[in-house]
Amino acid sequence: MVKPLITCDCSGTQTLDTEALSQTTGLDVRPACSALCTTQIEHAAGALTEGDALFCCTQEERLFEALADELDRPAPAVLDLRDRAGWSADPAPKLAKMSALIAESQIQADPPKTRDVISEGVCLILGPEEVALSAAEQLKDFLGVTVLLERSNALPDTRNYDVVMGKLRGAKGALSQFEVTIDALQQRDPGGRGVNLTAPQDGGRSSCDIILDLRGDNPLFPAPEKREGYLRADPGHAPAVSAAVLAASHMVGTFEKTLYVRSEPLLCAHSRAEQTGCTNCLDLCPTGAITPAGDHVSIDPMICAGCGACSAACPSGAISYDAPAVDLTMRRVQTLARAYRDVAQSAPRLVVSDSHGSEMIRMSARHGKGLPADVIPMEVPAVNLFGHAEMVAALAAGFASVTLIPGRGTDRDPLAVQADLALAIGGEASVIILDTSDPDQMDEALYGETAPAACAQPVRPMGTRRQITRQAAKALNPGVESLALPQDAPYGAVLVDNDACTLCLSCVSLCPSGALGDNPDAPQLRFQEDACLQCGLCSTVCPENAITYEPRLDLTETALSQTVLNEEEPFACIECGSLFGVKSTIERITEKLAAHSMYQNPDALKMIQMCDDCRVNAQFHAQNNPFEGKERPRPRTTEDYLSKRRDH
C-alpha cells in the first residue's frame, strides 16, 4: 500500500504541485488543503483513520497527535516542507527540493539506544549561606536537600534539610551518580542542647543525584552546561538562581539517557606496551567522559553529552556516533543529493545544522527570505559529528557545496579542523562554516554564495568512514594520484631512514592497524598506506628515531597493497647455514664486541654468528657450560637406611 502524503498550502502562502510530487516520490500525494489544522481538520482525521500517513506540517504536530489519540490511532509522522522549502523569496521551482526532503523522510531509522537513570532527588547545595539556605527552603518539599557551607554565623535549627560544614575537595559523576569528597567535614550532632557539630574530618565522601552550585566560582566540571544534573547560577543574580532552583525541583524520577557513541576497543590506537599513540578523542572531549584505559580508551556514557567530535576525529573507527549511526547520516546525505538531482538535473547545496540552526531556518522562512531553492537543510543532533568523511561524501554524492552552521553547543576548533581536512581532500569543492545566530546574515551568505561545479560523476560509496573518504576523494579528484593533507591528518605515509633503521621490527609488533608488517622469510619492513592511522606509535617506539610521517592521501592502487620500506640481506648461520637476523647488524655487533673481555675467546665470538639452535648447542658442549650444574645426589633407598641402622 502506497503511503498517503497529506499536504497543506497554509492558506495559499506556498505552491505545492501535488501531481508532480506523486510522480517524483512514488507516494500518494493528496491534493493540497489550505487549512488542514482548522476548517479542513476532517481531512487529517480521514487520513489517520485510513492508516499510516505522512503530514507535511510540523507546526501543528501536537494537534495531529491529539487528534490521533482521540481516534485511537498512532501518532502520524510529520515533515516540514513549508519552512524548509515552500516559504522562500527564491522564484525558482521547489519541486526538486521538496522531492528530496520527502525521500529523506522515508529512510527507516532505529531509535537511539538509551539507559534508564533513576534520580531519587538527593540534592547537594553549594554556595554562600544566605543564598544556599534560601534555595534549600524552596526545595525541601521536593528534594532531599543537604547544604554544604564553608562558614556560617549561626546554623539554622531545622530538620527540614541537612546542613553540614566543610570544604569541597572535588566531585565526579553525573545525574544520579555524583560522588563528592569533603574536607574538614562537620555534621550535625542530634544530641545535646542547641546546634552541635561533630569534630572536623578530612576526606569525607558522599553521593547525591543533583548538585546545585551557587558559589559563583569556577565550575566543578569541564563544559558544565553539558553535565546533566549539575546546575549552576551566579548567587548575585536572583533570576538565574530561581531558574536553577526550578530546574532542580524537576530532577526526580526516571530519565532516559541517550547512549550517543559506540566503541570498539580492539580498533583503538591509543596505546600499546605503555607507549601512547593516538589521543584525538582525549584531546577533544569537552566533558572529560573519555579516559585512558590501557591500550584503549574508556567512555563514560553517563557523562558523554553527545557532541560527536570524537567520532569525527577517530582515525580507526574505534569510536563512532550512534544516535544516529554514521551509516544513517551517510544514507541521508546520499538520498538528498540523488533525489534532488534526479528531478532538477542540477547540483544542490547542503546546509547542516543542529536544532539551533533549524530554528534560524524557520525564522528566516517566516520573517525573512527563506532558503534558496537549491539549498537543502539537514538537521543533525550535533554539528561536530559531521566530520570530514561526511563532508566529502556529500560533495562526492553531488552537492556543490557544504555549509555548516554551528550551534551553541558546537566546539568550533574541532569543526574547523575537520572542514580544513575536507577542503584538502575535496579539491575545488566548497566547505563553509557559517558561524552566525542571525537569520538575516544566514540568508545573505546563502543567497550570495557562488558554489563551484559539483562532482561530474557522483558516487555513493559505502563502508567505513575511511573507505568512504577514499572513494569520495577519487571521485572528486579524477586523475590525481596523491593529495597533500594538513598536519595530524589521519591519512598518510610512514617514512623510514634506511641508514638508521636496524630492522628490529619494534614498530611492527606495536602497529595497532597492521599497516606495518614483516616478512617471515627475509629481513623486510613492509607498509600498507591505506591502513595507516598516523597514530604516532611506530615513531614513538623506534629506538633509532628512524620513522617520520608524511600526511597525504594516496589515491592509487599502491596504497591498498604492501610495499617494502626497508630490507637487507639476511645472515647465514656459520654452523648450519640457516638464515637469521640481518647481515649488517650481526657484523656490526661482532665488530663492537670483539674487543670486549667476555668475547676474547674466539668460540664465544662465533656464537654471535650462530642461529638460536646452534648457539644453544655450542654453549652446551663448551667448557664452563652455563647449562651444566653440579652432579645430582643419588636418591636414597631403603637399603641405605637399613645399612646405616646396622652400622650403629
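Conventions we followed
- Residues numbered from 1 in each chain as written.
- Predicted model: local features only at pLDDT ≥ 70, side-chain atom pairs only at ≥ 80, totals over all residues.
- Heavy atoms only, no water.
- Helix = DSSP H or I, 4+ residues; strand = E, 2+ residues; numbered from the N terminus.
- Buried < 20%, exposed > 50% of the residue type's maximum accessible area, 1.4 Å probe, protein only.
- Contact = heavy atoms within 4.5 Å.
- Areas by Shrake-Rupley, 256 points an atom, 1.4 Å probe, with all protein chains shown as cover.
- Lys, Arg positive; Asp, Glu negative; His and termini not counted.
- Charge placed at Lys NZ, Arg CZ, Asp CG, Glu CD.
- Core = buried A, V, L, I, M, F, W, Y, C linked by side-chain atoms within 4.5 Å.
- Axes fitted to C-alpha atoms, helices over the stretch in contact; angles between N-to-C directions.
- Parallel < 35°, antiparallel > 145°, perpendicular 65-115°, else oblique.
- Pairing = 2+ DSSP bridges.
- 1 Å grid on protein atoms, 1.4 Å probe; cavity = no way out; pocket = protein on both sides within 12 Å on 5 of 7 lines; lining within 4 Å.
- Points joined across faces, edges and corners; volume = space filled by probe spheres on them.
- Nonpolar A, V, L, I, M, F, W, Y, C, P; charged D, E, K, R; others polar.
- Phe/Tyr/Trp six-rings, centres within 6.5 Å; stacked < 30°, edge-to-face > 60°.
- Right-handed = clockwise from strand over helix to strand, strands pointing away.

A. Summary view of the overall build of the protein. Looking only at helices and strands, one finds 21 helices and 33 strands in the protein. Across its three principal axes, the protein shows a C-alpha extent of roughly 120 × 90 × 50 Å. Here the protein holds 648 residues, and the buried ones make up 47% of them. For the protein, the share of sequence-separated contacts (at least 6 apart) that also reach a separation of at least 24 residues comes to 64%. Surface summary for the protein: the accessible area is close to 32800 Å², and the carbon and sulfur share equals 48%. Where the 55 positive side-chain charges of the protein centre and where its 87 negative ones centre are 6 Å apart.

B. Expanded view of the nonpolar core. Core analysis: the largest hydrophobic core is formed by 107 residues, its most contacted members being I125, V147, L212, I319, F386, L404 and I425. Among the elements that make up this core, the one with the highest residue count is helix α12 (residues 388-397) (eight residues). When sequence neighbours within four positions are dropped, the list of residues in contact with L404 reads V352, V383, F386, M391, L415, V431, I432, I433 and L434. Grouped together as the second largest cluster of nonpolar side chains are 20 residues, V494, V496, F527 and C532 included.

C. Looking closely at the packing of helix α11 (residues 355-367) against helix α14 (residues 439-448). Two numbers describe how α11 lies on α14: the axes approach to 9 Å, and their chain directions differ by 85°. Here α11 lies roughly perpendicular to α14, going by the angle between them. Taken together, the residues of α14 that come into contact with α11 (itself represented by M360, I361, M363 and S364) are P439, M442 and D443.

D. Highlighting the sheet that holds strand β28 (residues 516-519). Read from one edge of the open sheet, three strands run β28-β29-β31, paired in antiparallel fashion. Looking at strand neighbours, the two that pair on one side only are β28 and β31 (563-567), the edges of this open sheet. Taken pair by pair, the neighbouring strands of this sheet meet at an average axis angle of 35°, ignoring direction. As defined by bridge partners, strand β29 (residues 522-527) adjoins β31 across four bridges and the pair is classed as antiparallel. Looking across to β31, one finds that F527 is bridged to T563.

E. Looking closely at the layout of surface pockets. Estimates place the volume of the largest pocket at around 1000 Å³. Along its surface, the largest pocket is lined by 38 residues, and E104, A109, L328, R332 and E379 are the ones closest to its centre. For the lining of the largest pocket, the secondary structure elements donating two or more residues are β4 (77-78), α4 (82-86), α5 (95-105), α10 (326-344), α11 and β23 (375-379). In terms of residue count, α10 provides more of the lining of the largest pocket than any other element does, four residues in total. Its residues assigned to classes, the lining of the largest pocket shows 18 nonpolar, six polar and 14 charged.

F. Up close: the packing of aromatic side chains. On inspection of all chains with the given rule, the structure shows four aromatic pairs. With a centroid separation of 4.7 Å and 35° between ring planes, the pair formed by F55 and F64 is classed as tilted. Like F64, F55 is buried. Centroid distance Y260 to Y321: 6.3 Å. Interplanar angle 40°. Geometry classified as tilted. Of this pair, Y260 sits in the loop between β15 (253-258) and β16 (261-263) while Y321 sits in strand β21 (residues 319-321), and the two are 61 residues apart along the sequence. The pair Y260 / Y321 is uniform in exposure class, with both members buried. Linked through ring pairs, F178, F221 and Y230 together constitute an aromatic cluster.

G. Fine view of the pairing of strand β6 (residues 122-126). β6 sits mainly inside the fold: four of its five residues count as buried. The sheet contact formed by β6 and strand β7 (residues 144-149) spans five bridges and is parallel. Across the sheet, C123 pairs through a bridge with V145, a residue of β7. As for the winding sense of the linkage, the β-α-β connection from β6 through helix α6 (residues 129-139) to β7 is right-handed.

H. Fine view of the environment of V351. Counting through the fold element by element, V351 comes out in strand β22 (residues 349-353). We classify V351 as buried; its relative accessible area is 1%. Residues in contact with V351, not counting those within four places in the same chain, are V375, I376, P377, M378, T403, I405 and L446.

I. Molecular detail of the environment of L423. Structurally, the position occupied by L423 is in helix α13 (residues 412-425). For L423, a relative accessible area of 32% gives the class partly exposed. Separated by 35 residues in the primary sequence, L423 and H388 have C-alpha atoms spaced 8.5 Å apart. In this structure L423 touches A429, S430 and V431, once residues within four positions along its chain are discounted.

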